[in-house]
Amino acid sequence: MALLQWNDRYSVGNPAVDHEHRELIDLINTLHAALRAGGGEGVEGFFGDLYRAISSHFALEEQLMRTHGYPEYAGHKQEHEALLDAIRDMMDEDDVADEQIAGRLDAWFGGHFAGHDARLHRKLGPH
């Protein structure tokens, strides 16, 4: 079973960005399946790969915000840093249950995609 399912509340209204966000969710589910099957490097590897993928996505978004002089850049960047901190915190926990991981990621994606990302991509339009 997938850790996260795409939910329409994640949509930011930009097909290209929604596709990228779906790819992040697919990556989370792929990494989670490998972790559950005992493959890879375990929890540390799961979070490490997730951290790298999300960091890369955030770097691209932050570049777009700087390039376009996005007025909510500071708050949006702060949200990015908060998620990366949360992922690092989960990496440090000894025993994180699947439900906890799913709940935390779902809450974050729901809030961030529908809030900060939706406002960003409405402002920037297609890119």
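Rules behind the numbers
Residues numbered from 1 in each chain as written. Predicted model: local features only at pLDDT ≥ 70, side-chain atom pairs only at ≥ 80, totals over all residues. Heavy atoms only, no water. Salt bridge = Lys/Arg side-chain N within 4 Å of Asp/Glu carboxyl O. Helix = DSSP H or I, 4+ residues; strand = E, 2+ residues; numbered from the N terminus. Buried < 20%, exposed > 50% of the residue type's maximum accessible area, 1.4 Å probe, protein only. Expected span 1.5 Å × (residues − 1). Arc of directions from axis to C-beta.

Student: Would you mind showing me how to read the pattern of salt bridges here?
Tutor: Two side chains of opposite charge can pair, provided their charged atoms sit close to one another. In the structure shown here, the tally under the stated rule is 5 salt bridges. The salt bridge partner of K77 is E62, with a shortest N-O separation of 3.2 Å. Remark: E62 occurs in helix 2 (residues 42–67) and K77 occurs in helix 3 (residues 73–92); sequence separation between them is 15 residues. Here K77 falls in the partly exposed class, since its relative accessible area comes to 25%. Judged by relative accessible area, which is 10%, E62 ranks as buried. With a shortest N-O distance of 3.3 Å, K77 and E81 are connected by a salt bridge. Placement of the pair is K77 and E81 together in helix 3, with a separation of 4 residues, close to one helical turn. Classification of E81 by relative accessible area gives partly exposed; the value is 40%.

Student: Would you explain helix 3 in this entry?
Tutor: The end-to-end C-alpha separation of helix 3 is 29 Å, in line with the 28 Å expected for 20 residues at 1.5 Å each. All buried positions along helix 3 are accounted for by H76, H80, L83, L84, I87 and M90. Buried residues of helix 3 fall within an arc of 115 degrees about the axis and therefore sit on the same side. Counted as exposed and oriented over 90 degrees from the buried face of helix 3: A74, Q78 and D92.

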